[in-house]
Amino acid sequence: MTRNSTFRLIAATPLIALLAACGGETTDAEAPEPAGDAPAEIAERQDNFEAIGDSFKAIREQLETDAPDFAVIEPAAADINTRLQRLPDLFPEGTSMEAGYDTEALAAIWEDPEGFNEAIQTAVGLSEEMMAAAATGDPEAVGAQVGNLGKNGCKNCHDSFRKDDD
Ligand code: HEC
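## Some points on the coordination of the iron atom of the ligand
Here is step 1: With respect to protein ligation, the iron atom of the ligand binds only His-158 (NE2), at 2.1 Å.
Here is step 2: Here His-158 lies in helix α6 (residues 139-161).

This is how it looks when you write it as structure tokens:
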């Protein structure tokens, strides 16, 4: 019995060493190459999102005034809608944060393309509801859509597909 245990220990050692070596090699092969010139789409999508954020803020700021200006709200809502529709073209394969680029776009975008596309389409649909609310000229209707779009459009996508800042 003692002889058997000793034998197993000795026999197992090379196997463990081999597994460790394989594990190491696999990790190296998967490590991202240093990123070359960043694809233009990364800056384009970041500018596009920044503009979306600005338009969204412009709407919220108007709602905080005594007399919300619909000449600001309506074009801002349309701008958000137009820009959200551009998203499918701004995420070429291999432009994730994990690929080594200066971006908050997670690899989950390309691992779950259906989920990502669904998040885009949901947000586009909600931005249409925002446009409809803006067309009524009713600040309360717009306010309701700010909450709806912010939570179920923007945050819904950020939760799964954008790096968490905090
Ligand atoms: C379908 C997914 C998706 C939707 C919908 C979405 N975002 Fe984003 N957002 C992202 C991703 C991914 C990034 C990171 C982009 C990057 O760094 O390359 C981002 C980044 C941003 C940024 C930072 C831009 C920068 O780099 O300066 C802002 C601001 C932003 N989003 C606002 C919004 C707002 C407001 C909405 C809703 C009206 C929204 N987003 C809807 C996925 C989404």
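Continuing now.
## What to know about helix α2 (residues 40-63)
Here is step 1: Taking 1.5 Å per residue, 24 residues should reach 34 Å; α2 reaches 35 Å between its end C-alpha atoms and fits that length.
Here is step 2: Considered for burial, the residues of α2 that qualify are Ile-42, Arg-45, Asn-48, Ala-51, Ile-52, Ser-55, Phe-56, Ile-59 and Gln-62.
Here is step 3: Summarising the contacts, the buried residues of α2 are in contact with α3 (70-86), α4 (108-111), α5 (113-136) and α6.

## Considerations on the packing of α2 against α3
Here is step 1: It is at 9 Å that the axes of α2 and α3 come closest, and there the two elements cross at 155 degrees. Accordingly, the angle class assigned to the pair α2 and α3 is roughly antiparallel. The hand of the α2/α3 crossing is left-handed. Seen from α2, the contacting residues are Asn-48, Ala-51, Ile-52, Ser-55, Phe-56, Ala-58, Ile-59, Gln-62 and Leu-63; seen from α3, they are Val-72, Ile-73, Ala-76, Ala-77, Asp-79, Ile-80, Arg-83, Leu-84 and Arg-86.
Here is step 2: In terms of residue class, the contact of α2 with α3 is built from 12 nonpolar, 3 polar and 3 charged.

## Regarding the environment of Ser-55
Here is step 1: Looking at the element boundaries, Ser-55 is found in helix α2.
Here is step 2: Between the C-alpha atoms of Ser-55 and Ala-77, which are 22 residues apart in sequence, the distance is 7.1 Å.
Here is step 3: Setting aside residues up to four positions removed in sequence, Ser-55 forms contacts with Ala-76, Asp-79 and Ile-80.
Here is step 4: A polar atom in the side chain of Ser-55 sits 2.7 Å from the side chain of Asp-79.

## What to know about the environment of Met-131
Here is step 1: Within the fold, Met-131 resides in helix α5.
Here is step 2: What makes Met-131 partly exposed here is its relative accessible area of 31%.
Here is step 3: As for Met-131 and Asp-79, which are separated by 52 residues in sequence, their C-alpha atoms are 9.6 Å apart.
Here is step 4: Setting aside chain neighbours within four positions, we find Met-131 in contact with Ala-77, Ala-78 and Asn-81.

## Some words on the pattern of salt bridges
Here is step 1: All told, the structure shown has 4 salt bridges when counted by the stated rule.
Here is step 2: Two residues, Arg-162 and Glu-104, come together in a salt bridge whose shortest N-O distance is 2.6 Å. You can see Arg-162 sitting in the segment after α6 and its partner Glu-104 sitting in the loop between α3 and α4, a full 58 residues away along the chain.
Here is step 3: In this structure Arg-162 comes out as partly exposed when scored by relative accessible area, which is 35%.
Here is step 4: The class of Glu-104 is partly exposed, set by a relative accessible area of 28%.

## A short note on the site of the ligand
Here is step 1: Near the ligand, the surroundings consist of 19 residues, among which Arg-45, Thr-103, Cys-154, Cys-157 and His-158 are the closest.
Here is step 2: At 2.8 Å, a side-chain N or O of His-158 approaches a nitrogen atom of the ligand.
Here is step 3: With respect to the pocket detection grid, the ligand is positioned in the largest pocket.
Here is step 4: For the shell around the ligand, the secondary-structure elements that each account for two or more residues are α2, α5 and α6.
Here is step 5: Each residue belonging to the shell around the ligand can be placed in one class, and the counts come to 11 nonpolar, 4 polar and 4 charged.

Here is what the cut-offs are and how they apply
Residues numbered from 1 in each chain as written. Predicted model: local features only at pLDDT ≥ 70, side-chain atom pairs only at ≥ 80, totals over all residues. Heavy atoms only, no water. Donors = N, O, S within 2.8 Å, 3.2 Å for Na, K, Ca; no water. Helix = DSSP H or I, 4+ residues; strand = E, 2+ residues; numbered from the N terminus. Expected span 1.5 Å × (residues − 1). Buried < 20%, exposed > 50% of the residue type's maximum accessible area, 1.4 Å probe, protein only. Contact = heavy atoms within 4.5 Å. Axes fitted to C-alpha atoms, helices over the stretch in contact; angles between N-to-C directions. Parallel < 35°, antiparallel > 145°, perpendicular 65-115°, else oblique. Left-handed = near helix turned anticlockwise from the far one by under 90°. Nonpolar A, V, L, I, M, F, W, Y, C, P; charged D, E, K, R; others polar. Polar contact = N/O pair within 3.5 Å; in protein donor to acceptor, adjacent residues only side chain to side chain. Salt bridge = Lys/Arg side-chain N within 4 Å of Asp/Glu carboxyl O. Near = heavy atom within 4 Å. 1 Å grid on protein atoms, 1.4 Å probe; cavity = no way out; pocket = protein on both sides within 12 Å on 5 of 7 lines; lining within 4 Å. Sits in = over half its atoms within 2 Å of the grid points.

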